Amino acid sequence: MADVIQMHFTTADYVIFALLLVASAGIGLFYAFSGGRQRTTQEFLMADRSMSCLPVSLSLLATFQSAVAILGAPSEVYTYGTQYWFLGCSYFLGLLIPAHVFIPVFYRLRLSSAYEYLELRFNKTVRICGTVTFIFQMVIYMGVVLYAPALALNAVTGFDLWGAVLAMGSVCTLYTALGGLKAVIWTDVFQTVVMFAGQLAVIVVGASQAGGMAEVWRIAVNGSRIAALDLNPDPLERHTFWTLGVGGVFLMLALYGVNQAQVQRYLSSRTEKQAIMSCYVVFPCQQIVLCLGCLMGLVMFARYGEDSPLTKGYVQSNDQMVLYFVMDVFRDLPGLPGLFVACLFSGALSTISSAFNSLATVTMEDLIKPHFPNMTESKATFLSKGLALVYGLVCLAMAYVASRMGSVLQAAFSIFGMIGGPLLGLFCLGMFFPCANSTGAVVGLVAGLVMAFWIGIGSFVMRVSGQSGLPPLNNTAFVNMSSSIVPVLENSTAAPRPVGLEAFYSLSYMWYSAHNSTTVVLVGLVVSLLTGPMKEKDLRPGTVFPVLGTLLFFLPQRYKEKLCCVTPLASEPRAMDTKPYQTGQRVGVFSSEEEEESDGQEKETKTLPPSCQILPPCDQETSL
């Protein structure tokens, strides 16, 4: 087996890996020198709001399917079995709610940054708080997602570590800085195809060598890796139907509902209908991706059984085990290891490029433009490209920092996941509760972040010190970019149920997002009521989604009016104002000049309470 560890890439493997990088760079160069040549911020940051459903869907999927997911999901299933498969149950509500709640609000407000919404709903302070929190979240994650797969590749195959990091970082920075969001989306499409191809190749060849999928399934059943439906409601249990199917909904909402990287793709769609359809198309694609990861884990178990490469000492951690398996399976098939590595690094490239572009967007729209409202379009575009380049260099620097952090990498992933829940809570507070004010929003966000770090860091410290009754947290795999830490630990005897603070720290990571977002909403509402709730006349039109009217149908009409939950979503179409949003503009209402040009027609904005009014669907193509 030592010979397997010492295996190196063949020429064919290097060629396939190089083709991935060349193709990705080529797509970026194509969009840099074609069409509008990325001369405006709308084209560079928002793809001219001209993208159709399919590329947006595949780009949404690629951002979710990071390299750490490709490494983590099979290791999770190999170690614990298929209970993780029930995460697919959360995808339905996790995509349906963004499609019919978040997308209509964001799209009809004609935003570029999701955090513009926070200023429209609250004030500039809340917007800056949300933006800074998001930047902190993404900067930490970028270096880790670049370094972790390169480290695993180096440990198993001898592939040059910093050569891989620099190659990926440079190519990703190149096509993101030159080609803008169009290049990011279309490279995501290409990289998604490569990811599917790489995973399918491993499953087909691995299952064939194990005697077929029927034999793989039989071995998995005999090895107790096919999990039944676990309806245990205990929130301390790491994976049950409730933690995965319900807690997973909040993880999905944090990623697909309010994360700038995903929101930016919705807003780049040609029409609102296309944006909503992209969510529906992602659903079956996500199920396929989940199935591929789980099947790869079962094929791994069929090959190694309980005698894993990790327990034998052939690899140092679980995230290296998948690459070891790939090299083992493909040892006599030159080129296929290169295909899987291209699959792995496609996941990394898609995630990192999404981070670059979204960071450049929020920095430009939220931190720079409000202070320089008279900046020319050419200067704004040049600065946006420069920001993408700077964030690329920051990513490389963070990869170096990650290399010096050792086991703190686990904490970095945990920090990333913990921030998603409070941001989700902040948007829900503004969108669903008209009485929430800016003071409540800021205090709620701070409370949510404090709670998140308290639980996350407390759990991490307890496990490292071995006080939790669990094995030390020294080997981990990370399952997706929105989740917190996903430890893959060796099987051990059942530990006694934790009590007190130990129980608090033992909360399943799948409940982190739900717990932290709920904290933001509850604290925000209490503080808002104590400091003076917002009044309907002070709210901007289109910033509150009237969901309370449906949920509180049993209340008398006068109480529903006080809660601003009477007005349904407007459904009659009318032309959208295609002018870009400017800070301080009341979005969703017509100006006096527009009213004069309307031939006396009564605008719907006059008949709806302003806090509940949301602009009607915009299905016509627009160009800003």
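Above this note sits the structure.
Here the structure is a predicted model, which is why all the values come from computation and not from measurement.

A. Spatial organisation of the overall build of the protein chain. A count of helical and extended segments in the protein chain gives 25 helices and zero strands. Burial analysis of the protein chain (624 residues in total) assigns 60% to the buried set. Partitioning the intrachain contacts of the protein chain with sequence separation of at least 6 by distance along the chain shows that 84% fall at a separation of at least 24. Carbon and sulfur atoms make up 65% of the accessible area of the protein chain, which amounts to about 23,200 Å² in all.

B. Examining the packing of helix α9 (residues 161–210) against helix α16 (residues 318–329) more closely. Contact pair α9 / α16: the axes reach a minimum separation of 10 Å and the direction vectors enclose 65°. Seen from above, α9 lies across α16 with left-handed handedness. Within the contact between the two elements, α9 uses Val-202, Val-205, Gly-206 and Gln-209 and α16 uses Phe-325, Val-326 and Val-329. Considering only residue class, the contact of α9 with α16 consists of five nonpolar, two polar and no charged.

C. Spatial organisation of the environment of Glu-237. Positionally, Glu-237 belongs in the loop between α10 (213–222) and α11 (241–245). On the basis of relative accessible area, Glu-237 is assigned to the partly exposed category, the value being 34%. For Glu-237 and Tyr-509, which are 272 residues apart along the polypeptide, the C-alpha to C-alpha distance reads 9.4 Å. For Glu-237, the residues in contact, after removing those within four places along its chain, are Asn-232, Thr-243 and Ser-508.

D. Expanded view of the environment of Ala-388. Mapping Ala-388 onto the fold places it in helix α18 (residues 377–405). Between the alpha carbons of Ala-388 and Thr-173 there is a distance of 7.1 Å; along the sequence they are 215 residues apart. Contacts of Ala-388, omitting those with residues within four sequence positions, involve Phe-44, Thr-173, Thr-176, Ala-177, Phe-356 and Ala-360.

E. Quick look at the packing of aromatic side chains. Per the counting criterion, the structure on display carries 17 aromatic pairs. Between Phe-30 and Tyr-31 the ring centres are 5.0 Å apart and the planes differ by 85°, which places this aromatic pair in the edge-to-face class. Accessibility expressed as a relative area gives 17% for Tyr-31, which makes it buried. Three or more aromatic residues joined by ring pairs make a cluster, and in this case those are Phe-102, Phe-106, Tyr-115, Tyr-117, Phe-134, Phe-427 and Phe-432. If you follow Arg-110 out to its NZ or CZ, it ends over the ring of Tyr-107, 5.1 Å from the centre.

F. Quick look at empty space enclosed by the protein. Overall, the coordinates contain four cavities of 30 Å³ or more when judged by the stated rule. Within this model, the second largest cavity holds a volume of roughly 90 Å³. Every element with two or more residues in the lining of the second largest cavity is listed here: α5 (67–80) and α14 (272–304). Counting residues per element, the lining of the second largest cavity draws most heavily on α14, at four residues. In terms of residue class, the lining of the second largest cavity is built from eight nonpolar, three polar and no charged.

G. Region of interest: unusual backbone geometry. Despite not being glycine, Arg-110 has its phi angle at roughly 55°, a positive value. Here Arg-110 lies in the loop between α6 (90–108) and α7 (116–121). A positive phi angle, close to 60°, is found at Ser-224, a residue other than glycine. With respect to the element layout, Ser-224 can be found in the loop between α10 and α11. On the basis of relative accessible area, Ser-224 is assigned to the exposed category, the value being 57%.

H. Just the side chain of Asp-366, in detail. Within the secondary structure, Asp-366 sits in helix α17 (residues 336–368). For Asp-366, the side chain forms a polar contact with the side chain of Thr-131, separated by 2.9 Å. Among all residues touching Asp-366, those that are not within four sequence positions of it are Ser-113, Tyr-115, Glu-116, Arg-127, Thr-131 and Thr-361.

I. Inspection of the pattern of salt bridges at higher detail. A full pass over the atoms with the stated rule returns ten salt bridges. The salt bridge partner of Glu-272 is Arg-108, with a shortest N-O separation of 2.8 Å. Of this pair, Glu-272 sits in helix α14 while Arg-108 sits in helix α6; the two residues are 164 residues apart in sequence, bridging distant segments of the chain. A single burial state applies to Glu-272 and to Arg-108, both of which are buried. Connected through salt bridges with shared partners, the residues Glu-119, Arg-127 and Asp-366 form a single ionic network.

Rules and cut-offs
Residues numbered from 1 in each chain as written. Predicted model: local features only at pLDDT ≥ 70, side-chain atom pairs only at ≥ 80, totals over all residues. Heavy atoms only, no water. Helix = DSSP H or I, 4+ residues; strand = E, 2+ residues; numbered from the N terminus. Buried < 20%, exposed > 50% of the residue type's maximum accessible area, 1.4 Å probe, protein only. Contact = heavy atoms within 4.5 Å. Areas by Shrake-Rupley, 256 points an atom, 1.4 Å probe, with all protein chains shown as cover. Axes fitted to C-alpha atoms, helices over the stretch in contact; angles between N-to-C directions. Left-handed = near helix turned anticlockwise from the far one by under 90°. Nonpolar A, V, L, I, M, F, W, Y, C, P; charged D, E, K, R; others polar. Phe/Tyr/Trp six-rings, centres within 6.5 Å; stacked < 30°, edge-to-face > 60°. Lys NZ or Arg CZ within 6 Å of the ring centre and 35° of its normal. 1 Å grid on protein atoms, 1.4 Å probe; cavity = no way out; pocket = protein on both sides within 12 Å on 5 of 7 lines; lining within 4 Å. Points joined across faces, edges and corners; volume = space filled by probe spheres on them. Polar contact = N/O pair within 3.5 Å; in protein donor to acceptor, adjacent residues only side chain to side chain. Salt bridge = Lys/Arg side-chain N within 4 Å of Asp/Glu carboxyl O.

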